[in-house]
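The primary structure of each chain is shown beneath.
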Amino acid sequence: NEIKDERWQDRRIGFGLTSLIAESLFDSGAFVLLEEKEEIHAQLKEVREKLWMLSEEAAQLQQAAATASLAGAEMMAYGRVVSFKTPTNRGSVGPFHSREKITEIKVEVIVRDLKSDKSCSGEGKGKAKITSTSVVFEYREDRDEVNFDKTTVGEATKQAVAEAVKKVLKECGLLGSVASK
């Protein structure tokens, strides 16, 4: 996570990104998800949380790779949010008010072969918007936070992850592959 905004430090965002990456890789047909034993799942969860918080990133990646290998995985995938912005456009004509909020996000997805230690990466961008209108009432600025556009954040992130995964698969030579990795 390269976003310095305090709202983006929540580990649940990292878990959500992990889920989107896993889903997108699975949907590609090039990967199958490994069943996780409960103790392996707990170890990976702890590693993901530390990685999201950027504590000792290189050491955490090594720990994640070792844990994934123990679970029988051949490859490991992870991602990070590179950039996020939400420009807002406003307009008013008499008592009519309109606001359009655009969410733009860029993510990087990395797939690492645990045997060769080679990695492939790809960046993806996502964009979603929401338009609100009102008559007579003004918008409350104190309510303008990430929660206002959580649906656009989710949609933009899904788009970004899908694009990044496509690029990773191409770089790894797996685009269109149906072989299980």
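Thresholds, definitions, all that
Residues numbered from 1 in each chain as written. Predicted model: local features only at pLDDT ≥ 70, side-chain atom pairs only at ≥ 80, totals over all residues. Heavy atoms only, no water. Helix = DSSP H or I, 4+ residues; strand = E, 2+ residues; numbered from the N terminus. Buried < 20%, exposed > 50% of the residue type's maximum accessible area, 1.4 Å probe, protein only. Contact = heavy atoms within 4.5 Å. Areas by Shrake-Rupley, 256 points an atom, 1.4 Å probe, with all protein chains shown as cover. Patch = residues over 30% accessible without salt bridge, like charges linked within 9 Å, V, L, I, M, F, W, Y side chains within 5 Å. Salt bridge = Lys/Arg side-chain N within 4 Å of Asp/Glu carboxyl O. Disulfide = S-S within 2.5 Å. Core = buried A, V, L, I, M, F, W, Y, C linked by side-chain atoms within 4.5 Å.

Focus on the overall build of the protein
Scanning the protein from terminus to terminus reveals four helices and four strands. Counting helices and strands in the order they occur from the N terminus, the protein gives α-α-α-β-β-β-β-α. Per-residue burial over the protein gives 34% buried out of 181 residues. The contacts in the protein between residues at least 6 apart in sequence include a share of 70% that link residues at least 24 apart. Of the roughly 11,000 Å² that the protein leaves accessible, carbon and sulfur atoms contribute 52%.

Section: a nonpolar patch on the surface
On the surface, a nonpolar cluster with roughly 300 Å² of combined accessible area is contributed by Phe26, Val32 and Leu33. With relative accessibility at 57%, the residue Leu33 sits in the exposed group.

Side note on the state of the cysteines
By definition, a disulfide is the covalent link that joins the sulfur atoms of two cysteine residues. Within the structure shown, the criterion is met by one disulfide. Paired by a disulfide, Cys120 and Cys172 hold their sulfur atoms 2.2 Å apart. Measuring the twist about the S-S bond at about 135 degrees, one finds the Cys120-Cys172 disulfide to be right-handed. In this pair, Cys120 sits in strand S4 (residues 119–135) while Cys172 sits in the segment after helix H4 (150–171), placing the two residues 52 residues apart along the sequence. According to the relative accessible area criterion, Cys120 is buried, its value standing at 14%. Exposure remark for Cys172: the relative accessible area of 22% places this residue in the partly exposed category.

Thoughts on the nonpolar core
If you look at the biggest cluster of nonpolar residues, it comprises 26 residues, and the most contacted ones within it are Phe31, Ile105 and Val107. Secondary structure elements with two or more residues in this core: helix H1 (11–27), strand S1 (75–85), strand S3 (96–113), S4 and H4. Of the residues forming this core, the biggest block, eight residues, is contributed by H4. Among residues more than four places away in sequence, those in contact with Ile105 are Trp8, Val81, Ser83, Phe84, Gly124, Lys125, Gly126, Ala156, Thr157 and Ala160. Of all hydrophobic cores here, the second largest spans seven residues; its members include Ala64, Ala65, Ala68 and Ala73.

Here we look at the environment of Glu74
By the secondary structure assignment, Glu74 is in the loop between helix H3 (57–70) and S1. Assessed through its relative accessible area of 40%, Glu74 is described here as partly exposed.

Section: the pattern of salt bridges
For the structure on display, the rule yields seven salt bridges. Glu108 is the salt-bridge partner of Arg80, the closest N and O atoms lying 2.5 Å from each other. One end of the pair, Arg80, is in strand S1; the other, Glu108, is in strand S3, with 28 residues separating them in the sequence. For the salt bridge of Glu104 with Lys85, the shortest nitrogen-to-oxygen distance reads 3.4 Å. Placement of the pair is Glu104 in strand S3 and Lys85 in strand S1, with a sequence separation of 19 residues. Taking the relative accessible area as the measure of exposure, Glu104 reaches 22% and is therefore partly exposed. Each of the salt bridges in this network shares a partner with another, and the network as a whole consists of Lys85, Glu104 and Lys127.

Any link to function would need more than the numbers given here.
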